Amino acid sequence: MYYSSGNYEAFARPQKPEGVDHKSAYIIGTGLAALTAACYLVRDGQMRGEHIHIFEKDPIPGGACDGWKFENVGYVMRGGREMDNHFEVMWDLFHSIPSIETEGVSVLDEYYWLNKRDPNYSLCRATVNRGQDARTDGKFDVSDRAAMEIMRLFFTPDEDLYDKRITDYFDDEVLNSNFWLYWRTMFAFENWHSALEMKRYIKRFIHHIGGLPDFKALRFTRYNQYESMILPMVKYLEGHSVQFHYNTKVVNVEFDIQTQKKLAKRVELLREGHQEFVDLTENDLVFITNGGCVENSSMGSQNEPASYNTEIRPGGGWDMWRKIAAQDPAFGNPDKFCYDPEQTNWMSATVETLDQRIIPYIKNICQRDPFTGGVVTGGIVTVKDSSWLLSWTINRQPQFRAQPKDHCLVWVYALFSDVPGDYVKKPMRDCTGKEICMEWLYHLGVPEDQIEDLASASANTVPVMMPYIDAFFMPRNDTDRPKVVPDGAVNFAFLGQFAETARDTIFTTEYSMRTGMEAVYTLLDVDRGVPEVWGSTYDVRDLLDATVKLRDGKKITEMDLGLKEKLVLHEALKKIAGTDIEKLLREHLVI
């Protein structure tokens, strides 16, 4: 497997890998990474679908990319997915996956047309004082000292960031700024999370720093992620006779570990509660989704809180990874990520409005009508003075094809589930769906004497607790996640958010899909380049642009410098006068 850039290989079809007709594949999980691996086995690996087996412990596919209406409970979306124009692997694959709505077009086609016609941007990023615009006004509000702290992290070698926390590099100069408000709520970072992941995010999305305050850098699917992404992939794979095995847990994968060679030799299954084994040869490829950010998640209802289940259970992703990791140090260290759910949990809730009584309060904040079919909030609206640090978003409606046209679905989430609310004086984790809705309505500015009635009669709210949703952000080193294909691996690979691949950022659709592509291309030796992570971090234009925008448009000549630094800057500007360097700096408003 090798990386490439440009369009020479982007449009090429690889030749059929040698010996693929004699190979089989066994894929653990049906999340985005697993389905991507299956799609690349079919499309570029040219493996027969009958030889590909996908094991899923649940009765439906999708993993964390869910979206479902539960009978007598309501609509549930545990999370949402924000996409970027430089998700190179995602678009490489989705241009080959047919739309399930429009004949003759791809998922990428319909996604591209939608976001061109209806571009995303927010008109209100944050509120205070019960629904009043917080007037962040697109500003990062970063001091010169804070800018230097961010720059210091940017240039710190990865090795120096192993097992370090964000607070080891940022103090209140950064943590009290709008920059951190935008960042932590958009990406779900906590102050105690990994400084290494923070650095990766800054470098990965340096070209989108200017679009962070109003989300104009983002793109969204038409419907929820399950219907817009997962279902088309499943239909594509079913059309190629790929074998799906639902209600089938993978308990363990056993390996033959030798000095220069590692071979997966047996998969242990629980199918409908009955133990089975699949014996493997070197021609049987195994793709392992290890860990799981939505493992142990639980669902409440309008009148019941979601339970907080933290015990790692047999047959789940964490338990399986522990058994695998015990066989070789190269298989990672799961307990680095799942040892303390108090540092990795947050909650979400899906609010379904049942009539028009809540809608005016929504319109007042997002300044758009939710029922036009277009962009509504344009991303999350963060309640800046919420003790839960609550945010909410409304994507294009309807979010489900079968959703009633006059109902609006709102996704609410909060980073602090263990502190009392501002209206409902209980921690979010102890609240029913109705109580979470009441807290949200309070911050929308609904009169207090109407809050309970609206939450009861005009909405149905389903809460979800996710104890390990932020597990991948825990401080780590370079050996805590296994490589996608570990050194010496003959017939297996790791997939998803807890597999290690260079430069990309976890908690993105692209990261999951990239691991799937890299795994298939490596094990089958597919002769086509994997598109490299977008290289904006090496583009001086993007670096200059981000530097200026991070400082809210202030030029370097406006920095608060000491006399010595001012003299050095003055001399440097004299030396570049009349050169292309000066021209470049002026073009990007640096000087």
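Residues numbered from 1 in each chain as written. Predicted model: local features only at pLDDT ≥ 70, side-chain atom pairs only at ≥ 80, totals over all residues. Heavy atoms only, no water.

## A closer look at helix α15 (residues 563-576)
Thinking step 1. Compared with the 20 Å implied by 1.5 Å per residue over 14 residues, the 20 Å span of α15 between its first and last C-alpha is a close match.
Thinking step 2. One or two steps after α15, the chain reaches G578, where phi turns positive at roughly 80°. (Helix = DSSP H or I, 4+ residues; strand = E, 2+ residues; numbered from the N terminus. Expected span 1.5 Å × (residues − 1).)

## Some remarks on the pairing of strand β18 (residues 459-466)
Thinking step 1. Taking burial as the measure, the 8 residues of β18 include 8 buried ones, the bulk of the element.
Thinking step 2. Judged by which residues are buried, β18 turns out to be covered on both faces: A459, T461, P463 and M465 on one side and N460, V462, V464 and M466 on the other are all buried.
Thinking step 3. Where strand β13 (residues 298-299) and β18 come together, 2 bridges link them in antiparallel fashion. Bridging from a neighbouring strand, S298 pairs with M465 of β18.
Thinking step 4. With 8 bridges joining them, strand β14 (residues 346-353) and β18 adopt antiparallel strand pairing. Bridge pairing in β18 links M347 to M465. (Buried < 20%, exposed > 50% of the residue type's maximum accessible area, 1.4 Å probe, protein only. Pairing = 2+ DSSP bridges.)

## Observations concerning the sheet that holds strand β7 (residues 132-133)
Picture the strands of a sheet paired through backbone hydrogen bonds; they go either parallel or antiparallel.
Thinking step 1. The 8 strands are arranged β7-β6-β15-β16-β17-β14-β18-β13 in an open sheet whose pairing can be described as mixed. Sheet topology places β7 and β13 at the edges, where each strand pairs with a single neighbour.

## Let's talk about the packing of helix α1 (residues 32-43) against helix α13 (residues 509-524)
Thinking step 1. Their axes nearest at 8 Å, the elements α1 and α13 cross at an angle of 40°. Judged by the inter-axis angle, α1 sits oblique to α13. Relative to α13, α1 is oriented so that their crossing is right-handed. Residue-level contacts link L32, A33, T36, A37, Y40, L41 and R43 of α1 to T509, S512, M513, T515, G516, M517, V520, Y521 and L524 of α13.
Thinking step 2. Here the residues of the contact of α1 with α13 sort into 10 nonpolar, 5 polar and 1 charged. (Axes fitted to C-alpha atoms, helices over the stretch in contact; angles between N-to-C directions. Parallel < 35°, antiparallel > 145°, perpendicular 65-115°, else oblique. Left-handed = near helix turned anticlockwise from the far one by under 90°. Contact = heavy atoms within 4.5 Å. Nonpolar A, V, L, I, M, F, W, Y, C, P; charged D, E, K, R; others polar.)

## Observations regarding the pattern of salt bridges
Thinking step 1. Across all of its chains, the model carries 45 salt bridges by this definition.
Thinking step 2. Measuring nitrogen to oxygen at the nearest pair gives 2.6 Å for the salt bridge that ties R528 to D92. Placement of R528 in the loop between α13 and β20 (530-531) and of D92 in helix α2 (residues 88-94) is noted, with a sequence separation of 436 residues between them.
Thinking step 3. Judged by its relative accessible area of 3%, R528 falls in the buried class.
Thinking step 4. A salt bridge links R200 to E500; the shortest N-O distance between them is 2.6 Å. You can see R200 sitting in helix α7 (residues 195-204) and its partner E500 sitting in the loop between β19 (492-495) and α13, a full 300 residues away along the chain.
Thinking step 5. The network of salt bridges with shared partners includes E197, R200, R476, R481 and E500. (Salt bridge = Lys/Arg side-chain N within 4 Å of Asp/Glu carboxyl O.)

## Here we look at the sheet that holds strand β11 (residues 274-279)
Thinking step 1. Read across the sheet, 3 strands follow the order β9-β10-β11 without closing on themselves; strand pairing throughout is antiparallel. Each edge of the open sheet carries a strand with a single partner, namely β9 (248-257) and β11. Between one strand and the next, the sheet's axes are offset by a mean angle of 20°, whatever the strand orientation.
Thinking step 2. Here strand β10 (residues 262-271) pairs with β11 via 6 bridges, running antiparallel. Residue pairing across strands places L270 opposite Q275, the latter belonging to β11.

## Focus: the packing of aromatic side chains
Thinking step 1. Under the counting rule described, the total for this entry stands at 40 aromatic pairs.
Thinking step 2. Measuring from centroid to centroid gives 5.9 Å for Y40 and Y521, while their planes differ by 90°, and the two rings are edge-to-face. Residue Y40 is found in helix α1, and its partner Y521 is found in helix α13; the two are separated by 481 residues along the sequence. The same class applies to Y40 as to Y521, namely buried.
Thinking step 3. Ring geometry for W91 versus Y111: centroids 4.7 Å apart, planes at 35°, classification tilted. Placement of the pair is W91 in helix α2 and Y111 in helix α3 (residues 107-117), with a sequence separation of 20 residues. Each member of the pair W91 and Y111 is classed as buried.
Thinking step 4. Here the basic side chain of R266 rests over the ring of F277, its NZ or CZ set 3.9 Å away from the ring centre.
Thinking step 5. The side chain of R429 reaches across the aromatic face of Y308, ending 4.4 Å from its centre. (Phe/Tyr/Trp six-rings, centres within 6.5 Å; stacked < 30°, edge-to-face > 60°. Lys NZ or Arg CZ within 6 Å of the ring centre and 35° of its normal.)

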